[in-house]
Amino acid sequence: MKQDLIVILDLGSTQNTVLAREIRDLGVYSEIHPHDITAEELAALPNVKGVILNGGENRVVDGQEVQIREELYGLGYPMISVDYPQSKCSNCLSALPDQEALKKFLFDTCKAETNWNMKNFIEDQVELIRQQVGDRKVLLALSGGVDSSVVAAMLIKAIGTQLTCVHVNHGLMRKNESESVVKVFRDELHANLVYVDASERFLGKLAGVADPEQKRKIIGGEFIRVFEEEARKLEGIDFLGQGTIYPDIIESGTKTAKMVKSHHNVGGLPEDLKFELVEPLKQLFKDEVRACGVELGLPHDMVYRQPFPGPGLGVRCLGAITRDRLEAVREADAILREEFARAGLDKKVWQYFTVVPDFKSVGMKNNARVFEYMVIIRAINTVDAMTASVEKVDWDVLERITNRILAEVENVNRVCYDMSPKPPATIEFE
Ligand code: XMP
């Protein structure tokens, strides 16, 4: 193993991730684990140099004070505590009040080396994946999003064709998106990739469904069914790769912190399809996942892409999805992205997309009255997607995009710019 490891045990602190990042910033890899980790589990982690007991305000869970197992002391790792009563930690060195004390702990006490970097992280994960998987097979749902793409690249490096990727095109992808997944993973990385064009099936199920939550349910449920059908066709698969990253774990709730929202990448597979999980990114933060993708050789565009909702263009073709409006939203989105890139806004703006509502307005084309759809442009900036402000897009850029949409996208006679911050508007319309 290339990297030394400092383990942070979550004893109720709300600052676990801050501390983990602080240690990584000092060049040492650190991971956060639950307080009730067993001695066996802790001993199985590679290259542990020291353990930090990170206490804090969530110290009581279900009426019980969180504590580490006594057996951990027997492992002999250097331990230090943060906001965790000294009296409870029989062999803790001292409390950890500031960065100088942290450095002293890492480098003097634990003798940790500054060997945390993406190259070493990847080498270690490759070795761990090979140990876990052996000569068996892994299945991965490859959406083409950042996390699943980086996991795919990591697994291809580790186990090559023992990995089967399944890419389900639900017909709600952006222009050329599925094509680029196939090009990068099948043609360039030589992945064993099953491409399923399920567009017709999804559009069929969605026909006439106008309620946003119902649409999401259908898309999510159908996705699992298509993936399940593909999984059943493959023989001898024991593992499921997943692009879980650390923020997913936090948002789903840790043992000491409440759930923010439930996360599932490929949740809800039936009971008889039991797989062991392979989750090599689960200790990484989003920026680290991107850096990992770059180091693995993925194209910049794939790794630094803006967020895109799982239900795809399905929630941007408002109301009951129709083919003509879906096509309009897809073409307009492609134009928007092209022009934003040309103006350098793709690197500046957090998220930008088009929406097509399910009503028409009157217009004039070639001296004749037309009754057609409108395209709404939305471009926002945010830090955490909880609140958002509207990008003040240059007028000339907006004009160019508008002219192109009106000239190139069928069934559209009007373009609007959404000026609404979040709140009260959400980022998406549905
Ligand atoms: P809202 O619309 O709630 O969006 O302000 C916040 C962020 O979440 C994205 N989003 C989704 N992502 N599945 C996803 O994976 C969804 O159903 C979904 N809905 C919204 C949205 O694009 C924005 O970045």
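Before reading further, recall that the structure is shown in the block above.
Every value quoted in this text rests on a predicted model; they were computed, and no experiment measured them.

Quick look at the overall build of the protein
- Helix and strand counts for the protein come out as 13 helices and 16 strands.
- Taking 2.2 N^0.38 as the reference for a compact globule, 430 residues should give roughly 22 Å; the C-alpha atoms of the protein span a radius of gyration of 25 Å, in line with that estimate.
- Counting only C-alpha atoms and orienting by the principal axes, one finds that the protein spans roughly 85 × 50 × 40 Å.
- Looking at the protein as a whole, 51% of its 430 residues qualify as buried.
- Counting only contacts in the protein whose residues sit at least 6 apart along the sequence, the fraction spanning at least 24 positions is 75%.
- Looking at the protein as shown, the accessible area adds up to about 20,300 Å², and 50% of this sits on carbon and sulfur atoms.
- Where the 52 positive side-chain charges of the protein centre and where its 66 negative ones centre are 3 Å apart.

Looking at the site of the ligand
- Around the ligand, a shell composed of R216, P307, P309, G310, P311, W350, Q351, A385, K422, T426, I427 and E428 is seen.
- In the model, an oxygen atom of the ligand is placed 2.6 Å from a nitrogen or oxygen of the R216 side chain.
- Taking I427, its main chain carries an N or O atom lying 2.7 Å from an oxygen atom of the ligand.
- Its free accessible area being 500 Å², the ligand has 69% of it covered by the protein chains.
- A per-class count over the shell around the ligand returns 6 nonpolar, 3 polar and 3 charged.

Describing the environment of T114
- Examined against the element boundaries, T114 turns out to sit in the loop between α3 (99–109) and α4 (118–133).
- In the structure, T114 is positioned 305 residues away from M419 in sequence and 47 Å away in space, judged by C-alpha atoms.
- Setting aside chain neighbours within four positions, we find T114 in contact with L26, G27 and F107.

So, the pairing of strand β1 (residues 5–11)
- For β1, the buried fraction is high: 7 of the 7 residues fall into the buried class.
- Neither face of β1 is left uncovered, since the one carrying L5, V7, L9 and L11 and the one carrying I6, I8 and D10 both have all their residues buried.
- Bridging between β1 and strand β3 (residues 48–55) involves 7 bridges; their strand directions are parallel. Within the sheet, the bridge partner assigned to D10 lies in β3 and is N54.

Topic: the sheet that holds strand β10 (residues 237–241)
- Ordered in space as β9-β8-β7-β10-β11, the 5 strands form an open sheet in which the pairing is parallel. Bordering the open sheet on either side are β9 (192–197) and β11 (276–278), each of which pairs with just one other strand. On average, each strand axis in the sheet is inclined to that of its neighbour by 30 degrees, with strand direction left out of account.
- Here strand β8 (residues 163–169) runs beside β9; their pairing, made up of 6 bridges, is parallel. By the bridge assignment for β9, V166 is matched with V194.
- Set on the sheet, helix α6 (residues 177–188) makes contact with β8 and β9; between it and β9 the angle comes to about 165 degrees.

Here's the deal with helix α7 (residues 199–206)
- Residues of α7 that are buried: S199, F202, L203 and L206. Along the axis of α7, the buried residues cluster in a sector spanning 95 degrees; they form a single face.
- Tucked into the core, α7 has its buried residues touching β8, β9, α8 (212–233) and α12 (323–342).
- Just beyond α7, the residue with positive phi is G208, at close to 80 degrees.

Comments concerning the packing of helix α1 (residues 16–25) against α3
- Where α1 contacts α3, the axes come no closer than 11 Å and their chain directions differ by 60 degrees. In the crossing of α1 with α3, the sense of the turn from one axis to the other is right-handed. Contact residues: L19, E22 and I23 in α1; Q99, L102 and L106 in α3.

Regarding the nonpolar core
- Membership of the largest hydrophobic core comes to 59 residues, with the highest contact counts inside it found for V51, I68, F185, L281 and C292.
- It is helix α5 (residues 146–159) that contributes the most residues to this core, 10 residues altogether.
- In this structure, C292 is in contact with M118, F121, I122, V150, M154, L281 and L284, ignoring residues within four places of it in sequence.
- The next biggest cluster of nonpolar side chains, apart from the first, holds 52 residues, and it includes L206, V226, V412 and V415.

Quick look at the sheet that holds β3
- The strand order across the open sheet built from 4 strands is β2-β1-β3-β6, with neighbouring strands paired in parallel fashion. Because the sheet does not close on itself, it has two edges, and the strands there are β2 (29–34) and β6 (79–82). Recorded for the sheet is a direction-independent mean angle of 25 degrees between the axes of neighbouring strands.
- Against the sheet, α1 engages β1, β2 and β3, with an angle of about 160 degrees to β2.

Brief notes about unusual backbone geometry
- K422 connects to P423 through a cis peptide bond whose omega is -15 degrees.
- One can find P423 in the segment after β16 (412–417).
- Cis geometry is adopted by the peptide bond preceding P424, which originates at P423 and carries an omega value of 5 degrees.
- Mapped onto the elements, P424 comes out in the segment after β16.
- Even without a glycine there, the phi angle at N176 is positive, about 65 degrees.

Conventions and cut-offs
Note on numbering: residues in each chain are counted from 1, in written sequence order. For a predicted model such as this one, the threshold for reporting local features is a pLDDT of at least 70, and the threshold for listing and counting side-chain atom pairs is 80 or more; totals across whole chains, interfaces and linings nevertheless cover every residue. To obtain the side-chain values, all non-hydrogen atoms of the structure were included, while hydrogens and water were left out. Secondary structure is summarised from DSSP: a helix means a run of H or I of at least four residues, a strand means a run of E of at least two, and numbering begins at the N terminus for each. We compute the radius of gyration from the C-alpha atoms alone; for a globule the expected value is 2.2 Å times N to the 0.38, where N is the number of residues. Only protein chains enter the accessibility calculation, which uses a 1.4 Å probe. A residue is then buried if its area is under 20% of the maximum for its type, exposed if over 50%, and partly exposed in between. Here, two residues are considered to be in contact whenever any of their heavy atoms come within 4.5 Å of each other. Surface accessibility in these figures is a Shrake-Rupley result with a 1.4 Å probe; residues are shielded only by whichever protein chains are displayed. Counting rule for charge: Lys and Arg are taken as positive, Asp and Glu as negative, and neither His nor the chain ends is counted. For this purpose, a charge sits on NZ of Lys, CZ of Arg, CG of Asp or CD of Glu. When we say a residue is near a molecule or strand, we mean one of its heavy atoms is within 4 Å of it. In the analysis that follows, any N or O atom pair within 3.5 Å is treated as a polar contact, provided that within protein one partner can donate a hydrogen and the other can accept it, and provided that, for residues neighboring in sequence, both atoms belong to side chains. As a working rule, the residues Ala, Val, Leu, Ile, Met, Phe, Trp, Tyr, Cys and Pro are called nonpolar, Asp, Glu, Lys and Arg charged, and the rest polar, with Gly in that last group. Think of it this way: DSSP has to see at least two bridges between two strands before they count as a pair. For helices, the fitted axis covers only the stretch in contact; all axes are lines through C-alpha atoms, and the angles between them, taken along N-to-C directions, range from 0 to 180 degrees. Each C-beta atom gives one direction from the helix axis, and the arc is the one those directions make. Definitions for this section: a left-handed crossing has its near helix turned counterclockwise from the far helix by less than a right angle. A right-handed crossing has that turn clockwise. To form a nonpolar core, buried Ala, Val, Leu, Ile, Met, Phe, Trp, Tyr and Cys residues must be joined to one another through side-chain atoms within 4.5 Å.

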